[in-house]
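These are the residues of each chain, in order.
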Protein chains: 2
Amino acid sequence: MDTVEDYMRQLGEEARRASRLLTKLDTADKNRALMLTADILDAARETLVSANQRDLDAGRAKGLDAALLDRLALTPARIDSMIEGVRQVAALPDPVGEVTDLHRLNSGIEVGKMRVPLGVIGIIYESRPNVTVEAASLCLKSGNASILRGGSEAIESNRAIAACLKQGLVQAGLPESLVQVVETTDRAAVGELITMTEYVDVIVPRGGKSLIERVSREARVPVIKHLDGICHVYIDAMADDDKAIAIALNAKTHRYGTCNTMETLLVHETKAATILPQLAEAYAEHQVELRGCPRTLSILSQAKPATSEDWDTEYLAPILAIRVVADMNEAIEHINQHGSHHTDSIVTENYTLARRFLREVDSSSVMVNASTRFADGFEYGLGAEIGISTDKLHARGPVGLEGLTSQKYIVLGDGQVRQ
Amino acid sequence: MDTVEDYMRQLGEEARRASRLLTKLDTADKNRALMLTADILDAARETLVSANQRDLDAGRAKGLDAALLDRLALTPARIDSMIEGVRQVAALPDPVGEVTDLHRLNSGIEVGKMRVPLGVIGIIYESRPNVTVEAASLCLKSGNASILRGGSEAIESNRAIAACLKQGLVQAGLPESLVQVVETTDRAAVGELITMTEYVDVIVPRGGKSLIERVSREARVPVIKHLDGICHVYIDAMADDDKAIAIALNAKTHRYGTCNTMETLLVHETKAATILPQLAEAYAEHQVELRGCPRTLSILSQAKPATSEDWDTEYLAPILAIRVVADMNEAIEHINQHGSHHTDSIVTENYTLARRFLREVDSSSVMVNASTRFADGFEYGLGAEIGISTDKLHARGPVGLEGLTSQKYIVLGDGQVRQ
């Protein structure tokens, strides 16, 4: 225990020291390090694959399930996209240093805001080694030092990746402690990382709900998190049927395991009888299990009865809860009460209702006539995504490079003093 | 203990319910409630003063010190400015609903950000009853429900104010639970308020360092806080002497007890011999005690030796630590190490050094040729201030109405689905 604590605090101290240097770096320095890292990863394919093989072998011996082994695997295609990802981050605009809102005040001073790095970011994630590279690139580009703690099943892969990241930094003439991979599998390392408030400015946990809940509960460092995605589509009385069917189908069946997938469909009572049978037919082709409220069941004999638990469940599976509502107020109330404030969409042609829905739904993304699946950093044009935040402070919704920065005030004067 | 918990949870539940209504309110509704509250406070002067008198009597009987009694007193002038403050908040632009960055993406969807309230804000402060009114107005205007917990010595004053606030809301046709004053002096109420994550979205503690440290340590709800203000002025080799003297004098002597007051003066070694004697003379007129590094002492015989503790101390008093540095690098290193990341200013005519100082000093306000005393919501043109944040997440520096809001993404489509 003592050694893990010492080890983590040493990482923290070095990260803090390195983060001070980052404010002096030019965009070109950071991009050069990223491009070099991409080349080094490319040249290290064999080493990466064999390190990963050791993880996979150990994982199989431990009896890890197929889904976990799949996420753990560094296939050639995944290595390609990992490398491509680093080059894409290098090509993104540098958020650091941007000055906005500079304006002159009565006293004669000019006040504005300058975008700056957060400092040191701790990323805690599961056994997906490609996340190591992705998180390291995003933190470096946004001017932050990072401490990366991946799942213990990926330790060999992460060590091999860490060596490449270090080499990239060193070749670019930067301190290698800008990016540090935690090279112990001791779980106490996480507890230390999330409580070292003097060294770490923010924690971004990425993974399943239990990981994020543990981190949120025990952290003393602020956390940018997303707990779950219970997303809704509400088909209004004034919905265009074709749009409604296309959106409700896409939001559920485009991918089942993602947080922006619809889990509950709300339908206005005047639409239910016409639209639900058509939708049920389309869902049947995708083997989606339907669970409905009593009014849904009276229309769809194939649906199972929904229990009160269903409204609060993130299935991450081909299951959909359906509820018929009397009007938009009931829909909004349902969403604000049972949703997870992630992403919710209305389908309507009514201008006034669309405006009210946008205003009154308290979610990180609120949509009109679009699939919830669009709630994503890439689809929103952020260029990259470290995660999606369902918090309200700091960053809300998809978090890109800008979400890894802060703004400080700058004041330009000519000798002004306060009267 | 159980009753306090129940009481606080009931306040939380009612605040949460009320906060949902706030998204439906127009700016005019909120302003009407504020203007009515101002009138009601104006009409209740006698009640307020007599309630305050009971607090003052009890305080004197308990032997409270003069400074605390002074802050507790609701003088006619304070009531005036309290009422004037409410009217000023009504006149400020409403931050809620502002849509920015709306742009069309390749998929055909339009994505933008809409400014929204945070939800429920808990304010914890000391025995200054005017803060009750100020905090309530700012939270209401920014669309948040608030739970206000003032110091127990001000309980009678706060109850009288709470009655006025409720009357204002009710007369405006709004639910009275939008603003709730905690009417128990049991300290357990604070512990409950800062851990009710399901009901409270953010805590803003206002007061001395020990209050803020306790709240930060025990809170489970996110906290917007400012711990201390160890602010610096650095007089560079290329400083204009007149500006340097004016700024160093104003930053220290304009007010001693404020967080943006300079506590340490850093002087370039080539400037020290000429500027320190002039400054020492000016400080002597204000009875400012000087504590210097060895090089300072060799120039100023009247200064006392500074100990290493001095560099880390927020005096809030007519005391100033002075250190002679070799160059700006040493000044920046001193500031980033010993400062509290609050407000720091350089005095220089050198363009390149000014740009570097702005970039490399890691503080919530970084200034060139201006007094640190400008770090203030009113001076920055925010119109009002709930506090100054030395955190990096969410809000940094003076926090006005905008700092009490968040932004959600909005997506406008024509039936788009994700490919």
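It should be emphasised that the depicted structure is a prediction, and the values quoted were computed from it without experimental measurement. (Residues numbered from 1 in each chain as written. Chains lettered and ligands numbered in written order. Predicted model: local features only at pLDDT ≥ 70, side-chain atom pairs only at ≥ 80, totals over all residues. Heavy atoms only, no water.)

So, the overall build of chain A
Put simply, the rule reads: The helix and strand labels rest on DSSP assignments: H or I over at least four residues marks a helix, E over at least two residues marks a strand, and numbering proceeds from the N terminus. Burial classes: relative accessible area under 20% of the type maximum marks a residue as buried, over 50% as exposed, and values in between as partly exposed (1.4 Å probe, protein chains only). Note on contacts: a residue pair qualifies if any of its non-hydrogen atoms lie within 4.5 Å across the two residues. For every accessible area listed, the method is Shrake-Rupley and the probe measures 1.4 Å; residues are considered covered only by the protein chains on display. The charge count includes Lys and Arg as positive and Asp and Glu as negative, but it does not include His or the ends of the chains. Lysine's charge is taken at NZ, arginine's at CZ, aspartate's at CG and glutamate's at CD.
For chain A, the helix and strand inventory stands at 14 helices and 16 strands. The principal-axis extent of the C-alpha atoms belonging to chain A is close to 70 × 70 × 40 Å. Taking all 419 residues of chain A together, 59% fall into the buried category. Partitioning the intrachain contacts of chain A with sequence separation of at least 6 by distance along the chain shows that 72% fall at a separation of at least 24. For chain A, the accessible area works out to roughly 16,100 Å², and carbon and sulfur atoms hold 49% of it. Here chain A carries 45 positive and 59 negative side-chain charges, and the mean point of each set is 3 Å from the other.

Brief notes about the relation of the copies chain A and chain B
This is how the line gets drawn: When the copies are overlaid, the least-squares fit takes in C-alpha atoms only where the residue has pLDDT of at least 70 in both copies.
At an RMSD of 0.0 Å, chain A and chain B line up after a rotation of 180° and a shift of 0.0 Å along the axis. Expressed as a symmetry operation, the mapping of one chain copy onto the other fits a two-fold axis. When C-alpha positions in chain A are compared against the rotation axis, the closest is assigned to His394 of chain A, at 1.8 Å. A share of 100% of interface residues in chain A that are also interface residues in chain B marks the association as one of identical surfaces.

Quick notes on the packing of helix α2 (residues 27-43) of chain A against helix α6 (residues 129-141) of chain A
Residue and element names in this part refer to chain A. Heads up, the rule is: To get an axis, a line is fitted to the C-alpha atoms, and for a helix only the part in contact is used. The angle between two axes follows their N-to-C directions and goes from 0 to 180 degrees. Note on terminology: angles under 35 degrees are roughly parallel, angles over 145 are roughly antiparallel, angles of 65 to 115 are roughly perpendicular, and the others are oblique. With the far helix as reference, a near helix turned anticlockwise by less than a right angle produces a left-handed crossing, and one turned clockwise produces a right-handed crossing. In this classification, the charged set is Asp, Glu, Lys and Arg, the nonpolar set is Ala, Val, Leu, Ile, Met, Phe, Trp, Tyr, Cys and Pro, and all remaining amino acids, among them Gly, are polar.
Between α2 and α6, the shortest axis-to-axis distance is 9 Å and the interhelical angle comes to 165°. As summarised for this structure, α2 and α6 are arranged roughly antiparallel, according to the angle between their axes. The interaxial crossing formed by α2 with α6 has right-handed handedness. Of the residues in α6, those in contact with Lys30, Asn31, Ala33, Leu34 and Leu41 of α2 are Val133, Ser137, Leu140 and Lys141. Considering only residue class, the contact of α2 with α6 consists of five nonpolar, two polar and two charged.

Comments concerning helix α11 (residues 269-285) of chain A
Since the α-helix turns once every 3.6 residues, residues separated by three or four places project in the same direction. Residues and elements named next belong to chain A. As a reminder of what qualifies: Residue count minus one, scaled by 1.5 Å, sets the expected span of a helix. For a residue, the bend is simply the angle between two axes, fitted respectively to the seven-residue segment ending there and the seven-residue segment starting there.
The first and last C-alpha atoms of α11 sit 25 Å apart over 17 residues, in line with the 24 Å expected at 1.5 Å per residue. Largest kink in α11: about 45°, centred on Ile275, with the proline Pro277 one to four residues after it. Buried within α11 we find Lys271, Ala272, Ile275, Leu276, Leu279, Ala280, Ala282 and Tyr283. Tucked inside the fold, the buried residues of α11 contact β7 (231-235), α10 (241-253), β8 (262-268), β9 (289-292), α12 (294-299) and β11 (319-325).

A few points about the sheet that holds strand β4 (residues 145-149) of chain A
All names here are of chain A. Our working definition: Pairs of strands are assigned from DSSP output, requiring at least two bridges between the strands.
Spatially, four strands are ordered β5-β4-β3-β6 in an open sheet, and the strand pairing comes out parallel. The open sheet is flanked by β5 (179-181) and β6 (202-206), the only strands paired with a single partner. On average, each strand axis in the sheet is inclined to that of its neighbour by 15°, with strand direction left out of account. This element, helix α9 (residues 209-218), spans β3 (120-125) and β6 of the sheet and lies at about 160° to β6.

Description of a positive patch on the surface
Inclusion rule: By definition, no residue in a patch forms a salt bridge, and every one has over 30% relative accessible area; like charges are joined within 9 Å, nonpolar side chains (Val, Leu, Ile, Met, Phe, Trp, Tyr) within 5 Å. One speaks of a salt bridge when a side-chain nitrogen belonging to Lys or Arg is within 4 Å of a carboxyl oxygen belonging to Asp or Glu.
A grouping of Arg217 and Arg220 of chain A together with Arg217 and Arg220 of chain B is seen on the molecular surface, where their side chains present a positively charged patch. By the secondary structure assignment, Arg220 of chain B is in the loop between α9 (209-218) and β7 (231-235).

Some thoughts on the interface of chain A and chain B
Our working definition: A simple way to read buried area is as the amount of 1.4 Å-probe accessible surface that goes missing from two parts once joined, with both sides added. Polar contact is the term for a pair of N or O atoms within 3.5 Å; when the atoms are in protein, one must be able to donate a hydrogen and the other to accept it, and sequence-neighboring residues count only if both atoms are side-chain atoms.
At the junction of the two partners, chain A supplies 71 residues and chain B supplies 72 residues. In total, about 5,800 Å² of surface goes out of reach between chain A and chain B, with carbon and sulfur atoms giving 53% of it. Area buried by chain A at its contact with chain B is led by Leu393, Tyr409 and Arg418 of chain A, which between them contribute 15% of it. Joining chain A to chain B, the criterion identifies six salt bridges. Ionic pairing is found between Asp26 of chain A and Arg359 of chain B, a salt bridge with its closest N-O pair at 3.8 Å. Applying the counting criterion to the chain A and chain B interface returns 43 residue pairs in polar contact (both at pLDDT 80 or more).

Topic: the domain arrangement of chain A
Interfaces are often sized by the accessible area lost when the parts come together. We apply this condition: For the domains described, the bounds stem from an automatic or database domain assignment.
In terms of domain boundaries, chain A breaks down into domain 1 (2-225 + 398-411) and domain 2 (231-374). With centres defined by C-alpha atoms, the gap from domain 1 of chain A to domain 2 of chain A works out at 36 Å.

Quick word on the packing of aromatic side chains
For clarity, the cut-off: We call Phe, Tyr and Trp rings a pair once their centres come within 6.5 Å, taking the six-membered ring for Trp, and we label the pair stacked below 30 degrees between planes, edge-to-face above 60, and tilted otherwise.
Scanning the model with the defined rule gives two aromatic pairs over all chains in all. For the pair Tyr380 of chain A and Tyr409 of chain B, a centre-to-centre distance of 4.8 Å together with 45° between the ring planes defines the contact as tilted. Placement of Tyr380 of chain A in the loop between β13 (365-370) and β14 (387-389) and of Tyr409 of chain B in strand β16 (residues 405-416) is noted, with the two residues assigned to different chains. Here the two residues Tyr380 of chain A and Tyr409 of chain B agree in accessibility, since each one is buried.

Brief notes about the packing of helix α10 (residues 241-253) of chain B against helix α11 (residues 269-285) of chain B
When two helices pack together, their arrangement is given by the angle between the helix axes and the distance between those axes. Residue and element names in this part refer to chain B. Running from N to C, α10 and α11 point in directions that differ by 45°, and their axes come no closer than 10 Å. Taken together, the axes of α10 and α11 are oblique relative to one another. The two elements α10 and α11 cross, and the hand of that crossing is right-handed. Contact residues: α10 offers Asp241, Ala244, Ile245, Ala248, Leu249, Lys252 and Thr253, while α11 offers Lys271, Ile275, Gln278, Leu279, Ala282 and Tyr283.

Quick word on helix α6 (residues 129-141) of chain B
Residues and elements named next belong to chain B. Between its first and last C-alpha, α6 extends 19 Å over 13 residues, near the 18 Å set by a 1.5 Å rise per residue. For α6, the complete set of buried residues consists of Pro129, Asn130, Val131, Thr132, Val133, Ala135, Ala136, Ser137, Leu138, Cys139, Leu140 and Lys141. Gly143 sits one or two residues past α6 and shows a positive phi near 80°.

As for the pairing of β13 of chain A
Counting buried residues along β13 of chain A, six of its six residues qualify, which places the element largely inside the surrounding structure. When strand β12 (residues 343-347) of chain A meets β13 of chain A, the two strands line up parallel, connected through four bridges. The partner of Asp344 of chain A across the bridge, within β13 of chain A, is Val366 of chain A. Pairing geometry for β13 of chain A and β16 of chain B, over five bridges, is parallel. Paired with Ser365 of chain A across the two strands is Tyr409 of chain B, which belongs to β16 of chain B.

Overview of the state of the cysteines
Residue and element names in this part refer to chain A. Defined as follows: Cysteine sulfurs are considered disulfide-paired once they come within 2.5 Å of each other.
Here the structure, examined in full by the defined rule, presents zero disulfides over all chains. Free of any disulfide, Cys164 has its nearest cysteine sulfur in Cys139, 18 Å distant. According to the relative accessible area criterion, Cys164 is buried, its value standing at 4%.

Comments concerning the UniProt feature "domain: Aldehyde dehydrogenase" (unreviewed entry) in chain A
Quick reminder of the rule: UniProt positions are given in the numbering used here, feature names are shortened, and annotations may be inferred rather than shown by experiment.
In the numbering used here, UniProt assigns the feature "domain: Aldehyde dehydrogenase" (unreviewed entry) to residues 12-288 and 308-375 of chain A. From the first C-alpha to the last, residues 12-288 of chain A spans 47 Å; its make-up is 52% helix and 16% strand.

Quick notes on the sheet that holds strand β8 (residues 262-268) of chain B
Spatial strand order, β1(A)-β2(A)-β16(A)-β13(B)-β12(B)-β7(B)-β8(B)-β11(B)-β9(B)-β10(B): ten strands in an open sheet with mixed pairing. Edge positions in the sheet fall to β1 (99-104) of chain A together with β10 (304-305) of chain B, since each has one partner strand and no second. Judged from the eight bridges that link them, strand β2 (residues 110-117) of chain A and strand β16 (residues 405-416) of chain A form a sheet pairing that is antiparallel. Looking at the pairing, Val111 of chain A lines up with Val411 of chain A of β16 of chain A. Where α10 of chain B meets the sheet, it contacts β16 of chain A together with β7, β8, β11 (319-325), β12 (343-347) and β13 (365-370) of chain B, and its direction lies at approximately 160° from that of β8 of chain B.

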